[in-house]
Structures are given as structure tokens and as C-alpha cells.
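Next come the chains, spelled out residue by residue.
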Amino acid sequence: MDKKLYITTAIPYVNGTPHIGNALDYLLADIWTRYQKQNGHDVRFQVGTDEHGNKIAAKAAEAGLDPKSYTDQTYLNFEKLMKKVGAGYTDFVRTTDPHHIQSVQYIWQQLQPYIYKGNYEGWYCVGCESFVSDKEATANNGVCPDHNQPYQRLSEANYYFKTSAFTDKVREAIETNQMQIVPEFRKKEFLELMKDGLQDVSISRPKKNLSWGIPVPGDPTQVMYVWLDALANYITILGYPDQPAWKEYWPADVQIIGKDILRFHAGLWPSMLFGLGLELPKKLLVHGHINVGNTKMSKTIGNIVDPNQVIDEYGLDAFRYYFSRHIPTLDDGDFTWEKFENSYNTELANDLGNVIRRVSSMLTRYQAGVIGEAPQGEHDMGAYHAAMENLEFNRAIDEVWLMVKSLNQYIENVKPWEIAKNVAKDAEAAAHLAEVLAYSVGALLQIGDLLVPFLPATADNIHKTFETGVIVASEAVLFPRIYKHTTDPNAPKA
RNA sequence: CGCGGGGUGGAGCAGUCUGGUUAGCUCGGAUGGCUCAUAACCAUCAGGUCGCAGGUUCAAAUCCUGCCCCCGCAACCA
């Protein structure tokens, strides 16, 4: 009944500004959380920031700050975005939190049996003070573009985590859906990727190169490499290992990640958990990326869409609507201002906003706002709930819009305005009208229920307006039409 | 022969696993209706060789074979 559930989001690296992909993470997790809470579950919803690593240290130095002071400022940008998309998270982890640091060091010690010392060899740029991948080195013809000097072949001492030891267990967990990767094609993709086995992962760096990180227990010359540190957040924030409450929420029910970080969450992370003797998360929800006009979003192209701007110009629910319905939950999606505005005007304004207004207006006009007893909405919600369970949120919303459409059709068929003409002289007509309007309100209230996870403010508005049996004075128009990026078809011609 | 996803009316998609009514939905277009409503809503119509070529079958968008095209990924990216 009130089962305890746990959902997590990826923790972004705080050296940049938050982007739309981060917003998508928070939104999806929030939708799931609101849905589960509506169904009576107790949900913990984690968010956080990843704050270690040499890139942070470098950025901080540029700004003339020590790394911690720097991240104390930048993590706020992410917190602001989480709040802005309405994410009702319960736990915020920063990898620089003392508890997280202690806990990660504990984890390191627990994983000792699977940690060994080795050498990492690769292309190194002295200017960057970091290694680059072979791919990147090749792409740059062996010369660092930032420092204009050739990469050197270097090798350094590292600790390695024996991920390879867990290959079979991880594969089995994925194949049997003990840890279910959603959607299915991502699961296939990853199984294919690991078919030759998991490769051991370097999990530390010499301190001289990377001084901003969690110290390796028992070896002052090394600090931990970020992934071990970052992935651990999902359990450290629950209080692992010292606060027993963590056991009530782990394993996570859903971990939300982008497709770009699937391999870390499907390979390294389960290996860590096996090494610790912990259960694996039940599901990994892998969402896609958001393109702009079918082109990748990139700073170079300059087509970055700022989620803040969308929310500022159209409102929070409008943002949540587009990104939950028109960006498929489990695949890549496309955003353009034209598409966004078009769906806002036709679907939110013309369909939803308008039908709410026409019902409340008729009630006010014909019955002085008195609704009476609204019957239970009778639309079959099976498809909606199935879609929610399958983590296909976009399909769930589609169902809601079918209801909006059928309500409009119903109103058109029974023509309350015709019935209203006879009310004065015909008691039967009055009863009929009341019944029709009450039925419409019942449908709207049901729509409101289904919108709770997606458009909290709108759902709240619907409930407040209709649930008391008397219309609560309607204020401003819901979703007024906006023409900033598209043409108003009704605009007078110049 | 690296792996995966996809190619369905102008646009975006569903349907393909478990072949079978006139291939469905949303947006856009045209026409008509209505007037309660945010010039919103409702109805009807136009528009599709279901990537190409073969094959299996009474019957294929759906199964099989070959080919073409587009898009991701290809491991330390935090």
C-alpha cells in the first residue's frame, strides 16, 4: 500500500551551466514521483551534483577560487533549475558533502578485494594535465587544440576496479530483467556492447594530476576518479552505510539516466553493487537526447535551447507538457520554438484550456455556478496506467487528450445551450441540463486527476474550480494563446 | 561483412512481435455546421506505390531473402 519507493536522477558535473537534458531528467523523475505519490506510495526522489575532478579544479583556478568555493556557487545553478521545473525532490546530494566523502571511502574499502594497482597508459596533454582518449587524440591529429602542443604517451600508476569479475553476474541481471533496462533496444545495445566482457576500470589518479577528489584510503598519493565517486551518490544520500534508513529505500525502483551514460550505469555501477553485496536497481530508464530541428544541440552551432527561457515565456506547465508529451520518454525527441508554440496553442489553449472554460462558463451562465453532485468520470484509464507503468509517459498523456477530445464531442452532441433555452418553462429540461453539466464536470475532474503528475498547477486549478460543487470564480484564462514564433491565423491582415 | 534504431498521405507518429474489416492518430489544408467557449469547438472531404526488388500465402505495412537511404553508438565521455 504505502510501499517505500526510490527514484534517482543523474548528477550533473557542475563545471557548466545546466542544459535542457538535465531539465528532462528532473522532469521525468518528478512525473514518476507525483504519480506514485498519488497512488499512495512513499517516494524518495534524489537529485544532486557531481563536484570533483580536474576540470572543476581548472575552472575554479580560472575564477581565482578554490574548488569548493567555486562549486558552492555553481551547484546553485542546478538547484535553481530543479526548482524551476517543479521537481519535488526529497534529497539533494553534493559529492563534496562530508557524509558522501566518508561513505565513498568506506565503499572503497569494502571493494578492496576487487581493487588492484596497475598502470594507465594513454595520450596526455601537459597543458590540460589530463589524458585524452585515443579517439580524441586521433581526431586532433595528436595535437591538443587548446594548448597547441603534441600529446605525450604517458603511463601512470592507477588503482583499477575489477569490473571484469562481474561480467557474468551483470549480464545475467540484465538479461533476466533483475535490473531492467528500459527501453528494450537500449538493453540489447548494452548487452551487445559487453559481449566480450566488462573491462576493468581505472578508479584513481595520482594526486599531482588531480588533486580535487576524494582521497584514496591508505594511499595519500592517489585520489579517486570521478565515476566511482559519482555513482556512489545513489546510496550515500540514503545514508549508506551508517544510517539504517537506507535499507528501506534501496534498491531503487527507477534510476533515470540519459543514453550517453548508460554504460556506466549498466556496467560499472552494478559491478560496484555486486562488490558491496547490494541489490541492483530494479529499472534503468534511459531517455534520449533532445534535438533542435533534427540537429544535435551544440554550443558550436549555437542552437542551444535554454529551459529557463521556455518556462519564463510560456509557463511551467507548458514546459512540462511539451517535454513529457512531445519528447518521447524513451527516445530522442525534437524541439523547435515553432513546434513548441504550435502544440501550446492547439493542445493546451484550444483543447484543454478552452474546454475547461466552456464548461465553467455554462455553469456560471445557466446555473449561477452551481454544479451539484458530479458523477465519477467513467473513461477507462487502463491504457493510461499501463503507459505509466511502462514508463512511456508520452503515451499516457495522449490518453488524457483523447478524453479532452471526447468531452468536446459530447458537449457538441448534447448541445447544452439548446437545452438552456427551455429551462425557464420546462423542469425536465432544467434537470437534463444539470445532468449534462455535472457529467462534464465529472469528466474534467477525472482529467484533472490524470494530469496531476504532468501539469500539477493545472490539475490543481481544475480541482479547485470544480470540486466543491460550486464554481470557484474563474480568474485568468488558462493558457492564453501566444504568437511569438508562429503566425496568428486570425490576425487582421496588414 | 562492427552493433543498434528507423524509412507509413505536406509534417510528426501508431500499427509490424501474435499476417486478414474501407491502413489509424495528431498537426497542417479545404468545405460546412455551431455559438457555451481562449475567432475556440464539431462534422465532412482532399491527400499514402506503407524505402526498393523478389519470395511465401487464399491473404502482407505485417513473415522470408537481397538491396538502397537516414540516424545513433563504437568504452573512461563526469
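Above this text you will find the structure in question.
The structure contained in this document is the topic of the report that follows. (Residues numbered from 1 in each chain as written. Chains lettered and ligands numbered in written order. Predicted model: local features only at pLDDT ≥ 70, side-chain atom pairs only at ≥ 80, totals over all residues. Heavy atoms only, no water.)

1. Observations regarding the protein's contact with RNA strand B
Consideration 1: Around RNA strand B there are 51 residues in total, and Lys55, Val226, Arg263, Leu478 and Asn490 lie nearest to it.
Consideration 2: The share of sugar and phosphate among atoms of RNA strand B within 4 Å of the protein is 71%.
Consideration 3: Residue Tyr225 places a side-chain N or O atom 2.8 Å away from a sugar or linking oxygen belonging to RNA strand B.
Consideration 4: Here Arg357 contributes a side-chain N or O atom positioned 2.6 Å from a phosphate oxygen of RNA strand B. (Near = heavy atom within 4 Å. Polar contact = N/O pair within 3.5 Å; in protein donor to acceptor, adjacent residues only side chain to side chain.)

2. Digging into the packing of aromatic side chains
Consideration 1: Under the criterion given, the structure shown has 29 aromatic pairs.
Consideration 2: Their ring planes at 25 degrees and their centres at 6.1 Å tell us that Phe161 and Phe166 sit as a pair that is stacked.
Consideration 3: Consider the rings of Tyr314 and Tyr344, whose centres lie 5.6 Å apart with planes at 65 degrees: the pair is edge-to-face. Of this pair, Tyr314 sits in helix α12 (residues 307-314) while Tyr344 is found in helix α14 (residues 337-367), placing the two residues 30 residues apart along the sequence. (Phe/Tyr/Trp six-rings, centres within 6.5 Å; stacked < 30°, edge-to-face > 60°. Helix = DSSP H or I, 4+ residues; strand = E, 2+ residues; numbered from the N terminus.)

3. Let's talk about the nonpolar core
Consideration 1: Judged by nonpolar contacts, the single largest core of 93 residues is most densely connected at Phe323, Leu352 and Phe466.
Consideration 2: Contacts of Phe466, omitting those with residues within four sequence positions, involve Ile356, Val359, Ser360, Leu363, Ile371, Val441, Leu444, Leu445 and Ile471.
Consideration 3: Ala10, Ala230, Ile237 and Trp269 belong to the second largest nonpolar core, which has 52 residues in total. (Core = buried A, V, L, I, M, F, W, Y, C linked by side-chain atoms within 4.5 Å. Buried < 20%, exposed > 50% of the residue type's maximum accessible area, 1.4 Å probe, protein only. Contact = heavy atoms within 4.5 Å.)

4. A closer look at the pairing of strand β1 (residues 4-9)
Consideration 1: Along β1, 5 of the 6 residues are buried, which leaves the element largely enclosed by surrounding structure.
Consideration 2: Pairing of β1 with strand β2 (residues 42-49) involves 5 bridges; the strand directions are parallel. Bridged to Ile7 within β2 is Phe45.
Consideration 3: Of the strand pairs in this sheet, β1 and strand β13 (residues 254-258) are connected by 3 bridges, and their pairing is parallel. Along β13, the bridge assignment pairs Ile7 with Val254. (Pairing = 2+ DSSP bridges.)

5. Quick word on the pattern of salt bridges
Consideration 1: Within this structure, the stated rule accounts for 26 salt bridges.
Consideration 2: Of the charged contacts in the structure, one is a salt bridge between Asp312 and Lys84, with a shortest N-O distance of 2.7 Å. With a gap of 228 residues between them, Asp312 in helix α12 and Lys84 in helix α3 (residues 67-84) connect regions that are remote in the sequence.
Consideration 3: With its nearest N and O atoms 3.5 Å apart, the salt bridge here joins Glu313 to Lys484. Of this pair, Glu313 sits in helix α12 while Lys484 sits in the segment after α19 (456-466), placing them 171 residues apart in sequence. (Salt bridge = Lys/Arg side-chain N within 4 Å of Asp/Glu carboxyl O.)

Taken by themselves, the reported measurements are silent on function.
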